[in-house]
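The lines below spell out each chain.
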Amino acid sequence: MRFDGQTVVVTGAASGLGRASAERLAGEGANVVAVDRDSAVHEVAEALPGDALAVVADISAEADVDAYMAAGIERFGRIDLFHLNAGIFGAFAALPDLEVDDFERVMRVNVTGQFLGIRAAFRHYRDRRSGGAIAVTASIASLTAAADLLPYHTSKHAVVGLVRGAAVYGGPIGVRVNGVAPGIVPTQLFADAATTQGGKNDMVVRAGTTPLRRAGAASEIAGAVAFLLSGDSSYTTGQILAADGGASIVNTVRPAGGAGAWDAEALDAATYTAEEWEAAKEARR
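Since the model is a prediction, treat every value here as computed from it, not as a measurement.

How should the overall build of the protein chain be read in this particular structure?
The secondary structure content of the protein chain amounts to 9 helices and 7 strands. Its C-alpha radius of gyration of 20 Å places the protein chain within 12% of the 19 Å reference for a compact globule of 285 residues. Counting across all 285 residues of the protein chain, residues that qualify as buried make up 46%. Expressed as a percentage of contacts within the protein chain between residues at least 6 apart in sequence, the contacts between residues at least 24 apart total 66%. When the accessible surface of the protein chain is totalled, it reaches about 13,900 Å², and 52% of it is carbon and sulfur.

Now the structure itself:
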């Protein structure tokens, strides 16, 4: 019961990683303020083993962040811990075809939304004259890059900057800030891309190339979050804990990392338009 008597805010708590985190933290004694824009968050809160409050809110809206903070403080008196998890995936469009609105929508939720949550936490700690701990959901996309999902990759790289800057600010005043970087974990977040290459349909196959040779479970990410928010990580701040089955450590140009084990031309042909690919081949001649 590492969190007995403490209150934690979990955003994106209606499903996936957020729901698993809320369940894990509540199971270890925490009061939970479960936040999501989906009203299903009420069902999640009702099912938690401890005292919980559900708040429907958009984390990218400043007024909504203020509202979930106020609701949590009114109900529990204070908030000790934060798991700022909510985020969106964005478009799979190729870089030349990306719309500005698509890019800015992802940045608004995944970066501005996380900033607003971090700022709200620090304001509350300042008002209480107390320390605390914050865990932010980053991603394997925070540590590596890909030819697709550019808005998502960009936003998750930005999350690392938020975590590190907030950790430097928070350290002297007793506030720890860390990030957890999940790898391939099939959740509802990927449902909209169920039939897209690189979406949900091939996640298990892709996860088979990690050192652990499997996809992760939301409960395993929740365990990492619980560690980062607990006293067990009392000397850890500003870190991005990769919970990715070892995917981010693989050297892909070595045989054990899969070098030469795929058809590069087939891979590239699936990534680029026929016109782009033919032009690229011509340029290399």
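Quick question: what am I supposed to make of the sheet that holds strand 2 (residues 31-36) here?
By definition, the strands of a sheet pair up through backbone hydrogen bonds, in either a parallel or an antiparallel sense. Across the sheet, which stays open at both edges, the 7 strands sit in the order 3-2-1-4-5-6-7 with parallel pairing between neighbours. Unpaired on one side and paired on the other, strand 3 (52-56) and strand 7 (240-243) mark the two borders of the sheet. Between one strand and the next, the sheet's axes are offset by a mean angle of 15 degrees, whatever the strand orientation. Two elements, strand 1 (residues 7-11) and strand 2, share 5 bridges in a ladder whose sense is parallel. Counted as the bridge partner of T11 is V35 from strand 2. In the packing of helix 1 (residues 16-27) onto the sheet, contacts are made with strand 1, strand 2, strand 4 (81-84), strand 5 (132-137) and strand 6 (175-182), and the angle to strand 1 comes to roughly 165 degrees. Lying over the sheet, helix 4 (residues 100-128) contacts strand 4, strand 5 and strand 6, oriented at roughly 175 degrees with respect to strand 5.

Would you take a moment to explain the packing of helix 1 against helix 7 (residues 218-229) for this structure?
Two numbers describe how helix 1 lies on helix 7: the axes approach to 8 Å, and their chain directions differ by 55 degrees. The angle between the axes of helix 1 and helix 7 places the two elements in the oblique class. Relative to helix 7, the crossing made by helix 1 is right-handed. Across the interface between the two elements, G16, L17, A20, S21, R24 and L25 from helix 1 touch A218, S219, I221, A222, G223, V225, A226 and L229 from helix 7. Taken together, the residues of the contact of helix 1 with helix 7 break down into 9 nonpolar, 4 polar and 1 charged.

Looking at this structure, how should I read the nonpolar core?
In summary, soluble globular proteins display a tendency toward joint burial of nonpolar side chains. Membership of the largest hydrophobic core comes to 33 residues, with the highest contact counts inside it found for Y68, F82, I134 and V177. Broken down by element, the residue count for this core peaks at 7 residues, all from helix 4. If near-sequence neighbours (up to four positions away) are discounted, Y68 is found in contact with V9, T11, V33, V35, V55, A57, L84 and G117. Counting residues in each nonpolar core, the second largest holds 31 residues, with V8, A14, A45 and A218 among its members.

Whenever I open this one, the packing of aromatic side chains confuses me. Can you help?
The geometry of an aromatic ring pair is captured by the separation of the ring centres together with the interplanar angle, meaning the angle of the planes. All told, the structure shown has 6 aromatic pairs when counted by the stated rule. Their ring planes at 90 degrees and their centres at 5.9 Å tell us that F82 and Y125 sit as a pair that is edge-to-face. Placement of the pair is F82 in strand 4 and Y125 in helix 4, with a sequence separation of 43 residues. The exposure class of F82 is buried, given its relative accessible area of 0%. With 6.5 Å between their ring centres and 80 degrees between their planes, F122 and Y125 make a pair best called edge-to-face. Highlighted residues: F122 and Y125, both in helix 4, separated by 3 residues, approximately one helical turn. Neither residue differs from the other here; F122 and Y125 are each classed as buried. Taken together, the aromatic side chains of F82, F122, Y125 and Y169 make up a single cluster linked through ring pairs.

Sorry if this is basic, but what is going on with the pattern of salt bridges here?
Any two side chains of opposite charge can pair if their charged atoms end up close together. Tallying each qualifying case throughout the model produces 9 salt bridges. Among the salt bridges present, the one from E28 reaches R2, with a minimum N-O distance of 2.7 Å. With E28 in the loop between helix 1 and strand 2 and R2 in the segment before strand 1, the pair connects residues that are 26 residues apart, well separated along the chain. Overall, the relative accessible area of 31% leaves R2 in the partly exposed class. Among the ionic pairs, R214 bridges to E220, the shortest N-O distance being 2.8 Å. A relative accessible area of 40% places R214 in the partly exposed class. A relative accessible area of 38% means that E220 is categorised as partly exposed. Connected through shared salt-bridge partners, R2, R24, E28 and D232 make up one network.

Analysis parameters
Residues numbered from 1 in each chain as written. Predicted model: local features only at pLDDT ≥ 70, side-chain atom pairs only at ≥ 80, totals over all residues. Heavy atoms only, no water. Helix = DSSP H or I, 4+ residues; strand = E, 2+ residues; numbered from the N terminus. Rg over C-alpha atoms; globule rule 2.2 N^0.38 Å. Buried < 20%, exposed > 50% of the residue type's maximum accessible area, 1.4 Å probe, protein only. Contact = heavy atoms within 4.5 Å. Areas by Shrake-Rupley, 256 points an atom, 1.4 Å probe, with all protein chains shown as cover. Pairing = 2+ DSSP bridges. Axes fitted to C-alpha atoms, helices over the stretch in contact; angles between N-to-C directions. Parallel < 35°, antiparallel > 145°, perpendicular 65-115°, else oblique. Left-handed = near helix turned anticlockwise from the far one by under 90°. Nonpolar A, V, L, I, M, F, W, Y, C, P; charged D, E, K, R; others polar. Core = buried A, V, L, I, M, F, W, Y, C linked by side-chain atoms within 4.5 Å. Phe/Tyr/Trp six-rings, centres within 6.5 Å; stacked < 30°, edge-to-face > 60°. Salt bridge = Lys/Arg side-chain N within 4 Å of Asp/Glu carboxyl O.

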